[in-house]
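Examining the three-dimensional arrangement
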Amino acid sequence: MIKVNLVPRELLDKEVQRQRLMQAAVVGALALVGMLFISAAHWYRATKVESELAELNKKYDKLAKIVAQVEELEKTANAVKIRLSVITGLLKGRALYPWFMTDLLETMPPGVWMGSLATTAKDQNALGVSIGNAVANSSDGVSQWLRNFAANNKWAEPKLSAIGVVDKGDSKEYSFSIQTEYKNPKLN
(Lines give C-alpha, C1' and ligand atoms only; values in the text may rest on other atoms or scores of the structure.)
Protein backbone atom coordinates (compact mmCIF):
# COMPACT_ATOMS: atom_id res chain seq x y z
CA MET A 1 0.00 0.00 0.00
CA ILE A 2 1.20 3.31 -1.04
CA LYS A 3 0.25 6.47 0.71
CA VAL A 4 -0.02 9.58 -1.30
CA ASN A 5 -0.25 12.93 0.40
CA LEU A 6 -2.53 15.16 -1.56
CA VAL A 7 -2.24 18.12 0.78
CA PRO A 8 -0.15 20.81 -0.72
CA ARG A 9 3.23 21.41 0.84
CA GLU A 10 2.48 25.04 1.73
CA LEU A 11 -0.46 23.99 3.85
CA LEU A 12 1.72 21.45 5.62
CA ASP A 13 4.40 24.10 6.23
CA LYS A 14 1.78 26.48 7.58
CA GLU A 15 0.49 23.75 9.89
CA VAL A 16 4.01 23.01 11.16
CA GLN A 17 4.59 26.75 11.62
CA ARG A 18 1.28 27.06 13.49
CA GLN A 19 2.23 24.13 15.75
CA ARG A 20 5.65 25.66 16.47
CA LEU A 21 3.99 29.02 17.13
CA MET A 22 1.59 27.27 19.54
CA GLN A 23 4.48 25.48 21.23
CA ALA A 24 6.41 28.76 21.51
CA ALA A 25 3.29 30.44 22.96
CA VAL A 26 2.88 27.65 25.53
CA VAL A 27 6.58 27.82 26.46
CA GLY A 28 6.36 31.63 26.65
CA ALA A 29 3.22 31.42 28.80
CA LEU A 30 4.93 28.90 31.10
CA ALA A 31 7.99 31.16 31.31
CA LEU A 32 5.73 34.14 32.07
CA VAL A 33 3.88 32.17 34.77
CA GLY A 34 7.26 31.05 36.22
CA MET A 35 8.52 34.64 36.22
CA LEU A 36 5.32 35.82 37.88
CA PHE A 37 5.62 33.05 40.49
CA ILE A 38 9.29 33.91 41.18
CA SER A 39 8.46 37.63 41.32
CA ALA A 40 5.58 36.97 43.70
CA ALA A 41 7.86 34.85 45.89
CA HIS A 42 10.51 37.62 45.97
CA TRP A 43 7.84 40.26 46.69
CA TYR A 44 6.39 38.12 49.51
CA ARG A 45 9.85 37.56 51.00
CA ALA A 46 10.71 41.27 50.69
CA THR A 47 7.51 42.34 52.47
CA LYS A 48 8.09 39.71 55.15
CA VAL A 49 11.69 40.90 55.68
CA GLU A 50 10.53 44.55 55.78
CA SER A 51 7.90 43.73 58.42
CA GLU A 52 10.50 41.82 60.46
CA LEU A 53 12.90 44.77 60.09
CA ALA A 54 10.20 47.18 61.27
CA GLU A 55 9.49 44.94 64.26
CA LEU A 56 13.19 44.62 65.08
CA ASN A 57 13.60 48.40 64.79
CA LYS A 58 10.78 48.85 67.31
CA LYS A 59 12.50 46.41 69.68
CA TYR A 60 15.82 48.14 69.07
CA ASP A 61 14.32 51.52 69.92
CA LYS A 62 12.88 50.12 73.15
CA LEU A 63 16.20 48.49 74.06
CA ALA A 64 18.15 51.63 73.12
CA LYS A 65 16.03 53.61 75.58
CA ILE A 66 16.65 50.99 78.27
CA VAL A 67 20.40 50.96 77.52
CA ALA A 68 20.49 54.76 77.75
CA GLN A 69 18.74 54.58 81.12
CA VAL A 70 21.15 51.88 82.32
CA GLU A 71 24.16 53.93 81.21
CA GLU A 72 22.78 56.99 82.99
CA LEU A 73 22.22 54.93 86.14
CA GLU A 74 25.76 53.52 85.88
CA LYS A 75 27.15 57.06 85.61
CA THR A 76 25.12 58.06 88.67
CA ALA A 77 26.27 54.93 90.54
CA ASN A 78 29.92 55.65 89.65
CA ALA A 79 29.55 59.23 90.83
CA VAL A 80 28.06 57.99 94.11
CA LYS A 81 30.87 55.43 94.48
CA ILE A 82 33.48 58.15 93.92
CA ARG A 83 31.82 60.39 96.50
CA LEU A 84 31.59 57.48 98.92
CA SER A 85 35.27 56.63 98.47
CA VAL A 86 36.20 60.28 99.07
CA ILE A 87 34.08 60.37 102.22
CA THR A 88 35.54 57.06 103.40
CA GLY A 89 39.06 58.34 102.72
CA LEU A 90 38.36 61.53 104.62
CA LEU A 91 36.92 59.60 107.54
CA LYS A 92 39.95 57.32 107.64
CA GLY A 93 42.40 60.19 107.13
CA ARG A 94 40.72 62.37 109.73
CA ALA A 95 41.90 60.09 112.51
CA LEU A 96 45.46 59.85 111.18
CA TYR A 97 46.83 63.13 112.55
CA PRO A 98 45.51 62.76 116.13
CA TRP A 99 46.97 59.24 116.26
CA PHE A 100 50.19 60.52 114.73
CA MET A 101 50.61 63.30 117.29
CA THR A 102 49.80 60.93 120.19
CA ASP A 103 52.31 58.35 118.95
CA LEU A 104 54.95 61.01 118.31
CA LEU A 105 54.63 62.39 121.83
CA GLU A 106 54.91 58.86 123.26
CA THR A 107 58.31 58.44 121.56
CA MET A 108 59.79 61.73 122.85
CA PRO A 109 62.00 61.30 125.89
CA PRO A 110 62.31 64.04 128.53
CA GLY A 111 64.73 66.82 127.71
CA VAL A 112 64.12 66.77 123.92
CA TRP A 113 62.31 69.52 121.94
CA MET A 114 61.28 69.83 118.32
CA GLY A 115 61.99 73.03 116.43
CA SER A 116 59.89 72.15 113.36
CA LEU A 117 57.74 69.31 112.15
CA ALA A 118 56.70 68.66 108.54
CA THR A 119 54.58 65.81 107.17
CA THR A 120 53.84 64.54 103.69
CA ALA A 121 50.93 62.22 102.93
CA LYS A 122 51.98 58.81 101.61
CA ASP A 123 48.50 57.24 101.55
CA GLN A 124 45.40 57.22 103.76
CA ASN A 125 47.20 55.84 106.79
CA ALA A 126 50.86 56.77 106.28
CA LEU A 127 52.89 59.95 106.57
CA GLY A 128 56.42 60.96 105.75
CA VAL A 129 57.78 62.80 108.80
CA SER A 130 60.57 65.34 108.91
CA ILE A 131 61.58 66.68 112.32
CA GLY A 132 63.96 69.60 112.03
CA ASN A 133 65.84 71.79 114.47
CA ALA A 134 65.35 69.31 117.30
CA VAL A 135 67.28 70.07 120.46
CA ALA A 136 68.24 67.77 123.33
CA ASN A 137 69.99 68.64 126.60
CA SER A 138 71.99 65.37 126.52
CA SER A 139 73.26 62.89 123.98
CA ASP A 140 71.32 60.20 125.84
CA GLY A 141 68.07 62.04 124.94
CA VAL A 142 68.96 61.90 121.23
CA SER A 143 69.82 58.20 121.33
CA GLN A 144 66.76 57.39 123.46
CA TRP A 145 64.47 59.10 120.95
CA LEU A 146 66.05 57.16 118.09
CA ARG A 147 65.66 53.87 120.05
CA ASN A 148 62.00 54.72 120.79
CA PHE A 149 61.36 55.18 117.06
CA ALA A 150 63.08 51.89 116.23
CA ALA A 151 61.25 49.97 118.97
CA ASN A 152 57.77 50.97 117.77
CA ASN A 153 56.42 49.26 114.61
CA LYS A 154 54.51 52.42 113.62
CA TRP A 155 57.74 54.18 112.66
CA ALA A 156 59.86 53.00 109.73
CA GLU A 157 63.56 53.58 109.13
CA PRO A 158 64.33 56.64 111.29
CA LYS A 159 67.34 58.51 109.89
CA LEU A 160 69.31 60.79 112.16
CA SER A 161 71.24 63.74 110.74
CA ALA A 162 74.61 64.89 112.01
CA ILE A 163 74.44 66.07 115.61
CA GLY A 164 75.62 69.58 116.31
CA VAL A 165 76.93 70.35 119.79
CA VAL A 166 76.73 73.85 121.24
CA ASP A 167 78.55 74.53 124.49
CA LYS A 168 76.39 76.70 126.80
CA GLY A 169 79.01 77.04 129.52
CA ASP A 170 77.63 74.85 132.29
CA SER A 171 75.70 72.57 129.85
CA LYS A 172 75.72 71.39 126.25
CA GLU A 173 72.93 71.54 123.72
CA TYR A 174 72.65 68.90 120.98
CA SER A 175 70.85 69.88 117.73
CA PHE A 176 69.80 67.35 115.09
CA SER A 177 67.11 66.35 112.58
CA ILE A 178 65.23 63.09 112.04
CA GLN A 179 63.55 61.72 108.91
CA THR A 180 61.11 58.82 109.29
CA GLU A 181 57.83 57.40 108.10
CA TYR A 182 54.73 56.89 110.23
CA LYS A 183 52.11 54.23 109.54
CA ASN A 184 49.26 53.37 111.89
CA PRO A 185 47.97 49.80 111.50
CA LYS A 186 44.77 50.67 113.38
CA LEU A 187 43.59 52.77 110.43
CA ASN A 188 43.73 50.00 107.81
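Quick note: structure is the one above.
These remarks concern the structure in this document.

**Digging into the overall build of the protein**
Of regular secondary structure, the protein possesses 3 helices and 6 strands. Counted from the first residue to the last, the protein has its helices and strands arranged as α-α-β-β-β-α-β-β-β. Along the longest, intermediate and shortest principal axes, the C-alpha atoms of the protein span 170 × 35 × 25 Å. The proportion of buried residues among the 188 residues of the protein is 16%. The contacts of the protein with a sequence gap of at least 6 include a subset with a gap of at least 24, amounting to 59%. Of the roughly 14,500 Å² of accessible surface on the protein, 62% is carried by carbon and sulfur atoms. Once the 24 positive and 19 negative side-chain charges of the protein are each reduced to a mean point, those two points are 10 Å apart.

**A few points about the pattern of salt bridges**
Under the criterion given, the structure shown has 3 salt bridges. As a salt-bridge pair, Glu-15 and Arg-18 come within 2.9 Å of each other at their nearest N and O atoms. With a gap of 3 residues between them, Glu-15 and Arg-18 both fall in helix α1 (residues 9–94), about one helical turn apart. Here Glu-15 falls in the partly exposed class, since its relative accessible area comes to 34%. For Asp-103, the salt bridge identified is with Lys-154, shortest N-O distance 3.2 Å. Placement of the pair is Asp-103 in helix α2 (residues 96–107) and Lys-154 in the loop between α3 (139–151) and β4 (155–160), with a sequence separation of 51 residues.

**Re a nonpolar patch on the surface**
Where nonpolar side chains cluster on the molecular surface, the patch consists of Ile-2, Val-4 and Leu-6 and spans about 410 Å² of accessible area. Considering the arrangement of structural elements, one finds Leu-6 in the segment before α1.

**Description of α2**
The end-to-end C-alpha distance of α2, which contains 12 residues, comes to 17 Å, matching closely the 16 Å that a straight helix rising 1.5 Å per residue would cover. For α2, every residue scored as buried is listed here: Leu-96, Phe-100, Asp-103, Leu-104 and Thr-107. The arc enclosing the buried residues of α2, seen along the axis, measures out at 105 degrees, which places them on a common side. Residues of α2 that are exposed and point more than 90 degrees away from the buried face comprise Leu-105 and Glu-106.

**Here we look at the packing of aromatic side chains**
In the structure shown here, the tally under the stated rule is 7 aromatic pairs. On the numbers, 5.5 Å between centres and 25 degrees between planes, the contact of Trp-145 with Phe-149 is stacked. Here Phe-149 and Trp-145 lie together in helix α3, a separation of 4 residues that amounts to about one turn. Accessibility assignment for this pair places Trp-145 and Phe-149 in one class, buried. Site record: aromatic cluster; members linked through ring pairs are Tyr-97, Phe-100, Trp-145, Phe-149, Trp-155, Phe-176 and Tyr-182.

**Things to note about the environment of Tyr-60**
Tracing the sequence through the fold places Tyr-60 in helix α1. Owing to a relative accessible area of 55%, Tyr-60 belongs among the exposed residues under this scheme. It is 80 Å that separates the C-alpha atoms of Tyr-60 and Asp-140, two residues lying 80 residues apart in sequence.

**Remarks on unusual backbone geometry**
Look at Asn-133: it is not a glycine, yet its phi comes out positive at around 55 degrees. Secondary-structure assignment places Asn-133 in strand β3 (residues 126–136). The phi angle at Glu-157 is positive, at roughly 45 degrees, despite the residue not being glycine. Its place among the elements puts Glu-157 in strand β4.

So, how was this worked out
- Residues numbered from 1 in each chain as written.
- Predicted model: local features only at pLDDT ≥ 70, side-chain atom pairs only at ≥ 80, totals over all residues.
- Heavy atoms only, no water.
- Helix = DSSP H or I, 4+ residues; strand = E, 2+ residues; numbered from the N terminus.
- Buried < 20%, exposed > 50% of the residue type's maximum accessible area, 1.4 Å probe, protein only.
- Contact = heavy atoms within 4.5 Å.
- Areas by Shrake-Rupley, 256 points an atom, 1.4 Å probe, with all protein chains shown as cover.
- Lys, Arg positive; Asp, Glu negative; His and termini not counted.
- Charge placed at Lys NZ, Arg CZ, Asp CG, Glu CD.
- Salt bridge = Lys/Arg side-chain N within 4 Å of Asp/Glu carboxyl O.
- Patch = residues over 30% accessible without salt bridge, like charges linked within 9 Å, V, L, I, M, F, W, Y side chains within 5 Å.
- Expected span 1.5 Å × (residues − 1).
- Arc of directions from axis to C-beta.
- Phe/Tyr/Trp six-rings, centres within 6.5 Å; stacked < 30°, edge-to-face > 60°.

In short, geometric facts, not functional conclusions.
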